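In case you want the letters, here they are:
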Amino acid sequence: LSRYSSSLERDRERESLHHCPQYYYLENLETTLVQQSKMGKVTVFSITGCPHCIRAKKALTLRTIPYVEINLTLHPDRRPDMLALQDGFTVPQIFFNDKHLGGATETIALLEQWDEEEGNNDEDGTYGSHTRYQREVAAVPEPTDPRLATPPAAGSEETPAWRTEPPRGEDDLLAIPGSPLSVLDVTSMLETALENEMKLKRRGCVYR
């Protein structure tokens with residue numbers, strides 16, 4: 001009898017929890033976290049100023065398909081990752097999770113095919129490819145391959161070594177005999193003069 005009564009009390013406590021707003025909040029939070037952990041992603045290897053990269057990214061943005069960009073101009077150390085994942089040397093190179101799609105032409109062709117197969121919704125302006133993306137890309141776990149890892153957010157990473165100005169030696173500060181200028185001063189003047197001359201050449205004339 002005592003075991004039956006204690007079991008009955010536990011059932012009543014469990015039932016009371018189901019009517020508690022905090023219970024539903026925690027349950028929904030757990031469901032959301034599980035869904036986010038399964039969220040797949042689109043990865044775009046690109047470089048700054050690439051027209052084909054811009055075209056592919058616009059096609060994804062138009063269809064409200066989120067993507068992660070690995071800009072090789074900002075992260076040149078990630079180029080070996082791109083080359084190891086596929087055989088192409090050009091950009092963009094686009095991946096839906098672990099699946100390599102190709103460049104801008106192949107990606108846009110697939111998106112347009114999905115639009116046609118799923119049908120676009122003219123009432124709310126959504127594309128059929130977004131529905132397909134939710135089902136085939138976002139609904140599966142994010143790729144674990146480190147070569148597809150998201151780069152650090154802008155401003156959070158250290159300045160790459162290739163962008164760091166080399167340290168100046170003591171010789172740069174040596175004065176030129178018979179001149180109040182140092183080697184560094186003369187070098188800076190030469191850089192400015194050469195830059196101005198190149199600008200004049202681009203305009204079609206050089207004045208001596």
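Scroll up a little and you will see the structure.
Residues numbered from 1 in each chain as written. Predicted model: local features only at pLDDT ≥ 70, side-chain atom pairs only at ≥ 80, totals over all residues. Heavy atoms only, no water.

Re the overall build of the protein chain
When its secondary structure is counted, the protein chain shows 7 helices and 4 strands. Moving toward the C terminus, one meets the helices and strands of the protein chain in the order α-α-β-α-β-α-β-β-α-α-α. Split into buried and exposed, the 208 residues of the protein chain put 27% on the buried side. Taking the intrachain contacts of the protein chain between residues at least 6 apart in sequence as the baseline, contacts between residues at least 24 apart amount to 62%. When the accessible area of the protein chain is evaluated, it comes to approximately 14900 Å², of which 55% is carbon and sulfur surface. (Helix = DSSP H or I, 4+ residues; strand = E, 2+ residues; numbered from the N terminus. Buried < 20%, exposed > 50% of the residue type's maximum accessible area, 1.4 Å probe, protein only. Contact = heavy atoms within 4.5 Å. Areas by Shrake-Rupley, 256 points an atom, 1.4 Å probe, with all protein chains shown as cover.)

As for the pattern of salt bridges
One pass over the structure, following the stated rule, counts 9 salt bridges. Across the pair Lys57 and Glu69 runs a salt bridge, and its minimum N-O distance is 2.8 Å. Here Lys57 is found in helix α3 (residues 51-62), whereas its partner Glu69 is found in strand β2 (residues 68-71), with 12 residues between them in sequence. Note on Lys57: relative accessible area 16%, which makes it buried. When the shortest N-O distance is used, the salt bridge between Arg63 and Asp115 registers 2.9 Å. With a gap of 52 residues between them, Arg63 in the loop between α3 and β2 and Asp115 in helix α5 (residues 104-118) connect regions that are remote in the sequence. (Salt bridge = Lys/Arg side-chain N within 4 Å of Asp/Glu carboxyl O.)

Considering the environment of Thr64
Checked against the element boundaries, Thr64 lands in the loop between α3 and β2. When the C-alpha positions of Thr64 and His130 are compared, they lie 6.8 Å apart, and in sequence the two are 66 residues distant.

Notes on the packing of α5 against helix α6 (residues 128-138)
Two elements in contact, α5 and α6, have axes separated by 7 Å at closest approach and are oriented at 100 degrees. Here α5 lies roughly perpendicular to α6, going by the angle between them. Residues Leu111, Trp114, Asp115, Glu117 and Glu118 of α5 touch α6, and the partners they reach there are Gly128, Ser129, Thr131, Arg132, Tyr133, Arg135 and Glu136. Looking at the contact of α5 with α6 residue by residue, the classes come out as 3 nonpolar, 3 polar and 6 charged. (Axes fitted to C-alpha atoms, helices over the stretch in contact; angles between N-to-C directions. Parallel < 35°, antiparallel > 145°, perpendicular 65-115°, else oblique. Nonpolar A, V, L, I, M, F, W, Y, C, P; charged D, E, K, R; others polar.)

Quick notes on the sheet that holds β2
Across the sheet, which stays open at both edges, the 4 strands sit in the order β2-β1-β3-β4 with mixed pairing between neighbours. Bordering the open sheet on either side are β2 and β4 (99-102), each of which pairs with just one other strand. Adjacent strand axes in the sheet meet at a mean angle of 25 degrees when their direction is disregarded. Pairing analysis gives 4 bridges linking strand β1 (residues 42-46) to strand β3 (residues 93-96), with the strands arranged antiparallel. Looking at β3, one finds that Val44 is bridged to Ile94. Most of the contacts of α3 go to β1, to which it runs at about 160 degrees, and overall it touches β1, β2 and β3. Along the sheet, α5 makes contact with β3 and β4, crossing β4 at roughly 100 degrees. (Pairing = 2+ DSSP bridges.)

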